[in-house]
Amino acid sequence: MTGREVEDLLRALTPQVLGVLVRRHGQFSACEDAVQEALLAAATRWPGQGVPENPRAWLLTVAGRRLTDEWRSERARRDREVVVALREPAYAAVAPPADEDRSDSDDSLTLLLLCCHPALPRSAQLALTLRAVGGLTTAQIARAFLVPEATMSQRIRRAKQRVEAAGARFVMPSPAERDERLRTVLHVLYLIFNEGYTASSGTELHRAELTGEAIRLTRQLRRALPDDGEVAGLLALMLLTDAHRAARTGPGGELVPLAEQDRDRWDRAAIAEGVALVTEALTWSPPGPYQLQAAIAAVHAEAPTAPQTDWPQIIALYRVLATLAPNPMVTLNQAAAVAMVDGPRAGLALLAPLDGDDRVAGHHRLAAVRAHLLELAGEPAAAREAYLLAARRTTSRPEQRYLELRAARLGDGR
Amino acid sequence: MKYMLLIWNRPGFVEGLSEQERTTIFGEVDEIMKELTESGELVGGQALADPSQTRTVRCRGEHPEVTDGPFLESKEQFAGYLMVDCDSEERAVEIAARWPDVRLGFGVLEVRPVMDEAGTEM
């Protein structure tokens, strides 16, 4: 096996091994550290010495041994300090009856729900998910988020402490809480995907890997919850969005808008899978925001050219989305779609009320869509101003570059 | 989201402080830095040498011209920065508000978002 194959195998095994350990021993934080050490040992040994016959058992044994060592030295330290142990020694604190027949998918799901615990800030949920479920090392996560390793290491340590302090246990939450938590999980996976959805290539390769990782984790989640339409919808949305990867940036790393992308460069296999997933899900599941966004992406994907896009269908889907999950960002996208059917003036009219909505009034996206519609309406001077406003507001370098270029194409104003 | 907290203060303000006041200020800075380190929000930070040590480089005709002293002639000078990675702008502002230069009125902090390489489809 190559180093890469070993890494893939290890990352697939991570939640399984961690799940078994936490169910056996409780102590999420200590188990998670032990699993990371076992993963490191395997990543060092396996590529050279070969993969053991039962890699999962090997990891369990090594991680289990680390845990015991840890507890022994902890115990010794406590004995030296003559601390009267009022509570039971750590290794006796066994979690609720270990039902070993539970499937690995269930363990991954329980772990995901634990990592997206409401006691954690969002950035900690992302980091902990990538490490405990994704099996990434702290160094890899730090690189992906462009922060020093010490920062990420501390963020993960704090996250684990908080999960434990919140009294979280490795069990499936009650149905009501589970649904709430699952929504957070989907959002976290979506954010991980977006973190990696970078427009520039080359220097940002590490970040791009987050996209693939988000897709892998969502696939894993779908195996645990095949009957959840929103999980299928999120996976479809990711696949359909990621299918544009090769086409969405030009040779100089510049952003290419959807309408101008070379559709021959779209990943047809990813599109086929995404379209099939969302089409199928919508036949049995109540529609949810991810399914609808995926359905919209599917309509775009199926248009042979940008002008052949089925805009009325997209508008209809946005209308359902706006009723289901009212959000000014949805109105924004809806306005852009309406402009393609009823003309730019109709789109601009839909944008007007958003100026009074604090959630979006100062957002670069509002200015960018308005700029585009003004350009279509034949108002280059106003369009230019709006593009420049959007360029000043965005905190994304590729977006800023794109918006400044659009403004420049409309004349320099001199 | 990463934010750069730019610290602007009056050079030499420390000279007018008692030893006790100085100790308090350093203690406050240490405490904030410790908190940001433990929470995993601190990305980095540096303090800059006194503005009198600055060399300003600008273009004069075809050649760069180097002069002594800072570019901006203002009462407050750029003294250093903190880089934090936190979940909201409110949090970044909250950190800035606790910085002693702000709290004691020796200077101001600017909170500025750092540009990201990620972008969404347009």
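Each value, and the rule that gives it
- Residues numbered from 1 in each chain as written.
- Chains lettered and ligands numbered in written order.
- Predicted model: local features only at pLDDT ≥ 70, side-chain atom pairs only at ≥ 80, totals over all residues.
- Heavy atoms only, no water.
- Helix = DSSP H or I, 4+ residues; strand = E, 2+ residues; numbered from the N terminus.
- Buried < 20%, exposed > 50% of the residue type's maximum accessible area, 1.4 Å probe, protein only.
- Contact = heavy atoms within 4.5 Å.
- Areas by Shrake-Rupley, 256 points an atom, 1.4 Å probe, with all protein chains shown as cover.
- Lys, Arg positive; Asp, Glu negative; His and termini not counted.
- Charge placed at Lys NZ, Arg CZ, Asp CG, Glu CD.
- UniProt positions renumbered as here; feature names shortened; annotations may be inferred.
- Axes fitted to C-alpha atoms, helices over the stretch in contact; angles between N-to-C directions.
- Parallel < 35°, antiparallel > 145°, perpendicular 65-115°, else oblique.
- Nonpolar A, V, L, I, M, F, W, Y, C, P; charged D, E, K, R; others polar.
- Core = buried A, V, L, I, M, F, W, Y, C linked by side-chain atoms within 4.5 Å.

Along the backbone of chain A there are 18 helices and zero strands. By the burial criterion, 49% of the 414 residues in chain A qualify as buried. In chain A, the share of contacts with a sequence separation of at least 24, taken over all contacts with a separation of at least 6, comes to 65%. Accessible surface, chain A as shown: approximately 19200 Å² in total, 53% of it carbon and sulfur. Of the side-chain charges in chain A, 50 are positive and 51 negative, and the distance between the mean point of each set is 4 Å.

Listed under "domain: YCII-related" (unreviewed entry) in the UniProt record, and renumbered for this structure, are residues 1-116 of chain B. Secondary structure over residues 1-116 of chain B splits into 30% helix and 36% strand, and the C-alpha atoms at its two ends are 8 Å apart.

Residue and element names in this part refer to chain A. Helix 5 (residues 122-133) packs onto helix 2 (residues 28-49) with a crossing angle of 55° between their chain directions and a minimal axis gap of 10 Å. Regarding the angle of helix 2 to helix 5, the classification is oblique. Taking contact as the criterion, the partners of Phe28, Glu32, Asp33 and Gln36 in helix 2 are, on helix 5, Leu128, Arg131 and Ala132. Here the contact of helix 2 with helix 5 is built from residues that sort into three nonpolar, one polar and three charged.

Another point: the nonpolar core. Residue and element names in this part refer to chain A. Counting residues in hydrophobic clusters, the biggest one holds 102 residues, and the most contacted among them are Phe28, Leu59 and Leu221. Those residues in contact with Phe28 that sit more than four places away from it in its chain are Leu18, Val22, Leu111, Leu114, Cys115, Leu128, Ala132, Lys160, Val163 and Glu164. Ranked by size, the runner-up nonpolar core spans 24 residues in total, among them Leu351, Ala371, Leu373 and Ala407.

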